[in-house]
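# Coordinate inspection notes
Listed here are the chains, written in short residue letters.
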Amino acid sequence: MDYILSIKPGISPSARHKLEDKVDAFLAKYGGETTGGGTMVDGSESDLDFECNQADFQDSLPDFLVEHANINATISLSTLDDSEVIFAVDCEQNKSWWRFW
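This text gives an overview of the structure that appears in the document.

About the thresholds
Residues numbered from 1 in each chain as written. Predicted model: local features only at pLDDT ≥ 70, side-chain atom pairs only at ≥ 80, totals over all residues. Heavy atoms only, no water. Helix = DSSP H or I, 4+ residues; strand = E, 2+ residues; numbered from the N terminus. Rg over C-alpha atoms; globule rule 2.2 N^0.38 Å. Buried < 20%, exposed > 50% of the residue type's maximum accessible area, 1.4 Å probe, protein only. Expected span 1.5 Å × (residues − 1). Arc of directions from axis to C-beta. Contact = heavy atoms within 4.5 Å. Patch = residues over 30% accessible without salt bridge, like charges linked within 9 Å, V, L, I, M, F, W, Y side chains within 5 Å. Areas by Shrake-Rupley, 256 points an atom, 1.4 Å probe, with all protein chains shown as cover. Salt bridge = Lys/Arg side-chain N within 4 Å of Asp/Glu carboxyl O. Lys, Arg positive; Asp, Glu negative; His and termini not counted. Charge placed at Lys NZ, Arg CZ, Asp CG, Glu CD. Pairing = 2+ DSSP bridges. Axes fitted to C-alpha atoms, helices over the stretch in contact; angles between N-to-C directions.

Of the regular secondary structure elements, the protein chain holds two helices and five strands. Ordered by position in the sequence, the α and β elements of the protein chain form the string β-α-β-β-α-β-β. Computed over C-alpha atoms, the radius of gyration of the protein chain comes to 13 Å, within 12% of the 13 Å expected from 2.2 N^0.38 for 101 residues, which places it in the range of a compact globule. The principal-axis extents of the C-alpha atoms in the protein chain amount to approximately 40 × 30 × 20 Å. The buried share among the 101 residues of the protein chain stands at 35%.

In this section: helix 1 (residues 13-28). Over its 16 residues, helix 1 extends 22 Å from the first C-alpha to the last, a length consistent with the 22 Å expected when each residue adds 1.5 Å. Three or more residues of helix 1 are buried, namely Arg 16, Leu 19, Glu 20, Val 23, Phe 26 and Leu 27. Down the axis of helix 1, the sector holding all buried residues measures 125°, keeping them to one side. The exposed residues of helix 1 that point more than 90 degrees off its buried face are Lys 18, Asp 21, Ala 25 and Ala 28. Contacts made by the buried residues of helix 1 are with strand 1 (2-8), strand 2 (33-39), strand 3 (46-51), helix 2 (61-68) and strand 4 (73-79).

This paragraph deals with a negative patch on the surface. On the surface, a cluster of negative charge is contributed by Asp 2, Glu 33, Glu 51, Asp 81, Asp 82 and Glu 84. Relative to the helices and strands, Asp 81 is located in the loop between strand 4 and strand 5 (85-91).

The next subject is the sheet that holds strand 2. Strands sit in the order 2-3-1-4-5 across an open sheet of five strands; the sheet is antiparallel. Lying at the two open borders of the sheet, with one neighbouring strand each, are strand 2 and strand 5. Adjacent strand axes in the sheet meet at a mean angle of 15°, parallel and antiparallel pairs treated alike. Here strand 2 pairs with strand 3 via six bridges, running antiparallel. Residue pairing in the sheet places Thr 34 in a bridge with Phe 50 of strand 3. Across the sheet, helix 1 touches strand 1, strand 2, strand 3 and strand 4, and the angle it forms with strand 2 is around 160°.

Quick look at the structure:
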């Protein structure tokens, strides 16, 4: 099945490529892989497309994204076939090394 991760607000292409690598590593356990992605010209949204035939990845992907995405954005997962939103999570960038609070 084909899916899309929508990222709002959009992120830089380099940040998207880093996230894509992390998502690819996650999906490999489920036989999936990313198939594309992009960022809107106005920066309002980015996305990552991927395919995965095993639906059980959906239970652990939200926690993985919150822990590993390292971006300030809301990420939602939808199916490409019918645009049904499966989940949405708010991610925050990791604190800088010098922040203790």
